[in-house]
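Coordinate inspection notes
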Amino acid sequence: CVIDGATGSGKEIVISHNTDYNYVQMSHRPLKGNGPWTEQIISSFNLGGSGVYTPLTWNRAVVGGVNDQSIHLIGVIAPTNLGGSIYNGLDGALVYYRSQDGGNTWDIQDMQLPTLDSNKYLGFNGDNYAIEAKGDTIVVAYFGKWDDSVILKSTDNGNSWTPTVFLDFPVDKYIIDSGLDLDLDGIMDSIFTTDGYGSLLLDNNGTAHVFFGNMRMLDSDLTDGNSSFFESTNGLMYWNENMGADNYVNNPITLPSLWYSSKPKMIASSQDLDGDGFLNFVDYPFYYSSITSMPSSGIDSSGNIYVSYSSLMENIDNGSQNFRHVNLITSTDGGVNWSCPIDLTPW
């Protein structure tokens, strides 16, 4: 469920996924905190002649536009494993919706944003994306694992969009069991990419900042239909628009059978609390994430950026596995420098 609060007119809106009928709906009332709720369906009808509402899932939405009357929504058209069908060559398509009148009508539905199509992607899963708005500036971020990570930015309230890749995965439309050997040494390469947990922030100038967990992946067995991840991968990664777009050709493999992008920077990590030079863990919780991940970001009126994140703690365990604490870092210079982390968890 996504709660957008009130639009510029004071209208209160809640947007959610109806699990019974597999569409996205909106509940609204004229004033925030007052009056009865009215429901309406947002999903388009008769997609591809289906005769049913578009099975839109895992939605995210924000209020934007000059007068806060526009609603911008993204979601995934259900992939085949959720009863959906292939949409324009994608098994799970990330699409964009827009209303410019507080949700009364939707003038854009089922729109694929530039480059988020079958030319570069096989499909999209849930929750690996974010959307933010500040006036007429709208930004969508996608945090890929085996594909490119990218932001899509509009400065005209969603009429036109410009993509910028912030982590250029070295192969487009990679299929598991295909094999990645970028340095041609006969050994499958491991790749540093995102863990899919990310946060998006627009600063007071409308510049996009993204944060995500670092993850090392490997597809070494080309017969099992699966890939591997390194559960001890550490690092909270950061990129903003001032750093410029990433390009695989500018990130040659620098170590045997290991590839990573030089654009995103590491700004936090799980800490060596006992000072012995090692991270000593009993075992890792199974979240399919970096041990420093799950960021959430915000900014104040003075431009100070705050990022909270979940970090595995070296000195806290139950004998079977270590626990995570929520930590906080800040930047007072637009992301150039970052503070030491503060542990916000009281025990």
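This section reports on the structure supplied with the text. Because the structure is a prediction, the values reported are computed rather than measured. (Residues numbered from 1 in each chain as written. Predicted model: local features only at pLDDT ≥ 70, side-chain atom pairs only at ≥ 80, totals over all residues. Heavy atoms only, no water.)

**Quick word on the overall build of the protein**
- The number of helices and strands found in the protein is zero helices and 22 strands.
- Across its three principal axes, the protein shows a C-alpha extent of roughly 60 × 45 × 40 Å.
- In the protein, the proportion of contacts linking residues at least 24 apart, taken out of those at least 6 apart, comes to 53%.
- Distance from the positive charge centre (14 side chains) to the negative charge centre (40 side chains) of the protein: 8 Å. (Helix = DSSP H or I, 4+ residues; strand = E, 2+ residues; numbered from the N terminus. Contact = heavy atoms within 4.5 Å. Lys, Arg positive; Asp, Glu negative; His and termini not counted. Charge placed at Lys NZ, Arg CZ, Asp CG, Glu CD.)

**Observations concerning the packing of aromatic side chains**
- Inspection of every chain in the model, using the stated rule, returns 22 aromatic pairs.
- Here Tyr21 and Tyr23 contribute two aromatic rings whose centre-to-centre distance is 5.8 Å and whose plane-to-plane angle is 10 degrees, an arrangement assigned as stacked.
- Look at Tyr21 and you get exposed, because its relative accessible area is 58%.
- On the basis of an interplanar angle of 50 degrees and a centroid distance of 6.4 Å, the ring pair of Phe143 and Phe212 is categorised as tilted. In this pair, Phe143 is assigned in the loop between strand S10 (137–142) and strand S11 (149–154) and Phe212 in strand S14 (residues 208–218), connecting sequence segments 69 residues apart.
- Phe143 sits in the buried class, given a relative accessible area of 1%.
- By relative accessible area, which is 1% here, Phe212 ends up buried.
- Members of the aromatic cluster, each reached through a chain of ring pairs, are Tyr21, Tyr23, Phe45 and Tyr53.
- Lying over the aromatic face of Phe230, Arg216 brings its terminal NZ or CZ to 4.5 Å of the ring centre. (Phe/Tyr/Trp six-rings, centres within 6.5 Å; stacked < 30°, edge-to-face > 60°. Buried < 20%, exposed > 50% of the residue type's maximum accessible area, 1.4 Å probe, protein only. Lys NZ or Arg CZ within 6 Å of the ring centre and 35° of its normal.)

**Focus on the side chain of Ser154**
- If you trace the backbone, Ser154 turns up in strand S11.
- For Ser154, a relative accessible area of 0% corresponds to the buried category.
- For Ser154, the side chain forms a polar contact with the side chain of Asp156, separated by 2.8 Å. (Polar contact = N/O pair within 3.5 Å; in protein donor to acceptor, adjacent residues only side chain to side chain.)

**Observations concerning the environment of Gly64**
- By secondary structure assignment, the location of Gly64 is in strand S5 (residues 56–64).
- Gly64 sits in the buried class, given a relative accessible area of 0%.
- Expressed as a C-alpha distance, the spacing of Gly64 and Gly89, which sit 25 residues apart in the sequence, is 31 Å.
- Apart from residues no more than four positions distant in its own chain, Gly64 is found in contact with Gln69, Ser70, His72, Ala133, Gly135 and Asn157.

**A closer look at the pattern of salt bridges**
- Counted according to the given criterion, the structure contains five salt bridges.
- Two residues, Arg98 and Asp107, come together in a salt bridge whose shortest N-O distance is 2.6 Å.
- Residue class for Asp107 comes out partly exposed when judged on its relative accessible area of 43%. (Salt bridge = Lys/Arg side-chain N within 4 Å of Asp/Glu carboxyl O.)

**Describing the nonpolar core**
- Counting residues in each nonpolar core, the largest one holds 35 residues, and the members touching the most others are Ile15, Ile42, Leu73, Leu116 and Phe124.
- Those elements giving two or more residues to this core turn out to be strand S2 (12–18), strand S3 (23–29), S5, strand S6 (70–77), strand S7 (93–99), strand S9 (129–134), S10 and S11.
- With sequence-adjacent residues up to four places away left out, Leu73 is seen in contact with Ile15, Val24, Ile42, Leu56, Asn59, Arg60, Ala61, Val95, Tyr96, Tyr97, Trp106 and Ile131.
- Residues Ala141, Leu180, Leu202 and Met215 belong to the second largest nonpolar core, which totals 22 residues. (Core = buried A, V, L, I, M, F, W, Y, C linked by side-chain atoms within 4.5 Å.)

**Regarding unusual backbone geometry**
- A positive phi angle, close to 55 degrees, is found at Asp68, a residue other than glycine.
- Within the secondary structure, Asp68 sits in the loop between S5 and S6.
- Its relative accessible area of 35% is what places Asp68 among the partly exposed residues.

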